[in-house]
Amino acid sequence: MIAATGPEAWTIVVLAAPVVGSLAALTVGDALSEPIARAASLLTWIAASVLLALGAHQVWGSYFGVDPVSDLFLFLVASVYAMSTWYSRGYLAHVTAPFLTPRRYYALLGAFAFAMLLALSVTDLGLMWVGVEATTVASALLIVLERRPASVEAAWRYTLIASAGLTIALFALIFLYRATGTLDAFALAARPVAASLPVAIAVALALVGYGTKIGLFPMHTWLPDAHSQAPSPVSAMFSGVLLPTALYAFLRIYAVVARPVPAALSDLVILFGLATAVGAALLLQRQRSYKRLFAYSSMEVMGIAVVGIGVGGIALYGALVLVVAHAFAKSAAFYCSGNVLRRTGTARIDEVRDLRRRLPWTAGTWVLSATAVTGAPPFGTFVGELLILSGALLAGADWVAAVLAGAVILAFLGVNGQIGGMVFGSEAKGTAREPDPVAELGIPWMGLAVCLAMGLVAVPFLAPAIRAAALALGGAL
Amino acid sequence: MTDATTTIEGLTGLGLLLTALYLQSESFLDPMVNGIAVQSALLAALLGWLAYIDRSGELAVVAALVLLLRVVVIPYLLRAQIRAFRWRAREMRASQRVTGHALLAVVVAIVAWFLFQETLAPALPPLPGIALPFVLLAEGLLMLATRSNTLVQVIGYLEEENAVVYAGVLYVVAFPFLIEAVVFLDVLGVVLVSIILSIQRDVIGVPEEEVLEELTG
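Everything quoted here is computed from the prediction, not taken from an experiment.

Caption draft 1: Layout of the overall build of chain A. On a plain count of helices and strands, chain A comes out with 19 helices and two strands. In summary, chain A has a C-alpha radius of gyration of 21 Å against a globular reference of 23 Å for 477 residues, a match within 12%. Taking the principal axes of its C-alpha atoms as reference, chain A extends roughly 65 × 55 × 40 Å. Going through the 477 residues of chain A one by one, you find that 66% of them count as buried.

Caption draft 2: Broad picture of the overall build of chain B. A count of helices and strands for chain B gives nine helices and zero strands. Secondary structure elements of chain B, listed N to C terminal, follow the sequence α-α-α-α-α-α-α-α-α. Taking all 217 residues of chain B together, the buried fraction comes to 45%. In chain B, of all internal contacts separated by at least 6 residues, the share reaching a separation of at least 24 is 71%.

Caption draft 3: View of the nonpolar core. All names here are of chain A. Ranked by internal contacts, the top residues of the largest apolar core, which has 272 residues, are Val77, Leu176 and Leu404. Ranked by the residues each element gives to this core, the list is headed by helix α6 (residues 149-180), at 22 residues. Ignoring sequence-local partners within four residues, the contact set of Leu404 consists of Leu274, Ala277, Ile304, Val307, Ile388, Leu389 and Ala392.

Caption draft 4: Quick look at the environment of A:Ser196. All names here are of chain A. For Ser196, the position within the fold is in the loop between α7 (185-190) and α8 (197-214). Classification of Ser196 by C-beta neighbours within 10 Å gives partly exposed; the count is 13. As a C-alpha pair, Ser196 and Pro262 span 66 residues in sequence and 10.0 Å in three-dimensional space.

Caption draft 5: Structural view of the interface of chain B and chain A. The interface of chain B with chain A comprises 38 residues on the first partner and 38 residues on the second. Only α6 (132-146), α7 (150-172), α8 (177-204) and α9 (208-214) of chain B provide two or more residues apiece to the side of chain B that touches chain A. Counting residues per element, the side of chain B that touches chain A draws most heavily on α8(B), which supplies 13 residues. Its residues placed into classes, the side of chain B that touches chain A shows 24 nonpolar, eight polar and six charged.

Caption draft 6: Spatial organisation of helix α9 (residues 222-229) of chain A. Residue and element names in this part refer to chain A. In terms of burial, α9 is a largely internal element, eight of the eight residues being buried. Of the positions making up α9, those classed as buried are Trp222, Leu223, Pro224, Asp225, Ala226, His227, Ser228 and Gln229. In this structure, the buried residues of α9 make contact with α5 (125-143), α6, α10 (232-254) and α12 (290-311).

Caption draft 7: Examining unusual backbone geometry more closely. Residues and elements named next belong to chain A. Residues Phe217 and Pro218 are joined by a peptide bond in cis, for which omega reads 5°. Locating Pro218 in the fold gives a position in the loop between α8 and α9. Cis geometry is adopted by the peptide bond preceding Pro260, which originates at Arg259 and carries an omega value of -5°. Tracing the chain through its elements places Pro260 in the loop between α10 and α11 (263-283). In this structure, Arg147 takes a positive phi of about 55° despite not being glycine. On the secondary structure map, Arg147 appears in the loop between α5 and α6. Unusually for a residue other than glycine, Asp354 sits at a positive phi of about 60°. Inspection of the secondary structure assignment puts Asp354 in the loop between α13 (314-344) and α14 (355-358). Taking the number of C-beta atoms within 10 Å as the measure of exposure, Asp354 has 17 and is therefore partly exposed.

Caption draft 8: Geometry of the packing of helix α1 (residues 3-24) of chain B against helix α2 (residues 29-54) of chain B. All names here are of chain B. With their axes 9 Å apart at the nearest point, α1 and α2 run at an angle of 170° to one another. In terms of orientation, α1 lies roughly antiparallel with respect to α2. Residues Thr5, Ile8, Glu9, Thr12, Gly15, Leu16, Thr19, Tyr22 and Leu23 of α1 touch α2, and the partners they reach there are Met32, Gly35, Ile36, Val38, Gln39, Leu42, Leu46, Trp49 and Ile53. A class-by-class count of the residues in the contact of α1 with α2 yields 11 nonpolar, six polar and one charged.

Conventions we followed
Residues numbered from 1 in each chain as written. Chains lettered and ligands numbered in written order. Predicted model: local features only at pLDDT ≥ 70, side-chain atom pairs only at ≥ 80, totals over all residues. Helix = DSSP H or I, 4+ residues; strand = E, 2+ residues; numbered from the N terminus. Rg over C-alpha atoms; globule rule 2.2 N^0.38 Å. Buried ≥ 20, exposed ≤ 12 C-beta atoms within 10 Å, placed from the backbone. Contact = placed C-beta atoms within 7 Å. Core = buried A, V, L, I, M, F, W, Y, C linked by C-beta atoms within 7 Å. Nonpolar A, V, L, I, M, F, W, Y, C, P; charged D, E, K, R; others polar. Axes fitted to C-alpha atoms, helices over the stretch in contact; angles between N-to-C directions. Parallel < 35°, antiparallel > 145°, perpendicular 65-115°, else oblique.

Here's what the structure looks like:
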């Protein structure tokens, strides 16, 4: 039955469910908007899971299509979208005088997911750009939910910097179109072109343009602001899937270049990735806000993934493993951050202490999430980072592996040291004990479980899908 | 491509550059909105001319979209904001150093031109004004980076988007129509969201200390 229904139908469900859910949420009123949004996100997840299980590879019309790479990223976006939607209830309950009513919040959340899903299910690089740019339009107002001056400022910076960066990505498309006469990503991937000067310029401009949205150094400045000021379910979507969606758009342009990629071009990609990983690892050492801490951690992971793409081969496979595992783990970390924020009323690291007594279950989940996002064994993130380091060593890029290993260790110490301080540090003056929201830990645990399973076993459907995506992008296993 | 078309493309580029420099030297919002509307009108006229020469219906629609969205709708929205919040009518910080801004804009234009010649030019045909989209992009980025008034920053963003349209015309003549059309709608979305955020910024206020405290590091 499921197999008989083609990928086209399932993709339509993936795209239509969040749109219909958003429109319905807007029209039915605040009380019903939440169950409608939950149902829509669940339906999106089911359809995306079917596409992943089918290993769908099909093009229809001039602009739409899916392949193993898009199947994987669609599943990722749908998963985090569903988790964030289901987690939102408890979080919204504590927001006083929100900028958005619940129905508008859920409608924008659906629109945000739709923009990402659109970018992932089109074959045309121009429409892909439109999808990535539309994520800014849909998500900017979500950042302002709590109506604080800093959140408005963060949303403003995000809108301007991300949009300005994406303009450069549009320049990249103009160069690519001039060089190849088409913007069909699937056709170009099937017949990659030599890295002529216009194509190389297109890739370099795409790296800078989409790199702004990926959070690559030095175009990353919007990222810690937006991630830290957004409500936690939205922060999870930013870190878990928005950055990977922009990475996907860059991957599609990078895949246009015939293998082996000229050293000058791959070195440029590696350099940006290394600068980002090292820069973020240094910046996260002395953060005042735990949400900014996790934002810099996301930036570090994206830097490592970009290095994996630049190195290619097994490192590219590692980059995909890392991005998938990180999405689940980082979502869990942000959901736990939301619980901590609600119970302590502060995002400042120095004002949160003794969580192991005050919120033992949340604290435990938070510690595990923090170790997971920093690539500790036995989580999937560890496997991804290990593959990238191995790939760099196999490619003879010892110095890349050494610098990357340094960044990974530094980030591990920085994140876990500061989270450890909040969980195990002595109790601060005047802080009361609050009930631990144990019932709300189900969603973070789901994310953690997937990340853990990825490190321990070959997860059914997911592991083969990652392998297929890596092969489609020219990554050797 | 005819000599007349090449000349018109070059002259349009010159007009776009002059309006960009004019925008950099202004601190009053009304003339700046007029300036970006004129810049967009020049672009629409060029697209209209190319549509006429090539007998291209798609280019004609793109020209009409530029005219409708960037000459009429977006300037209207920006003017409505200026009318609603009169204190936005002049950027006070910039007004104290417009000469400096203008000089900086000229320096940035020259640097961008040289940078273009050294990096991107070899990949493109040697047409007059071929560097201008890149220079225009740099001017838009400069406006985003150096101005504090939110509406002025929106104008900087629009200038960048005009640079992309001009680049599309010069470098590939006709970018796929559907893409052009949807990009215009996306830009309109960004402008609308920017305006909402801009209002919130004024309504909620931006106490420097709190923002600095939370958005540093």
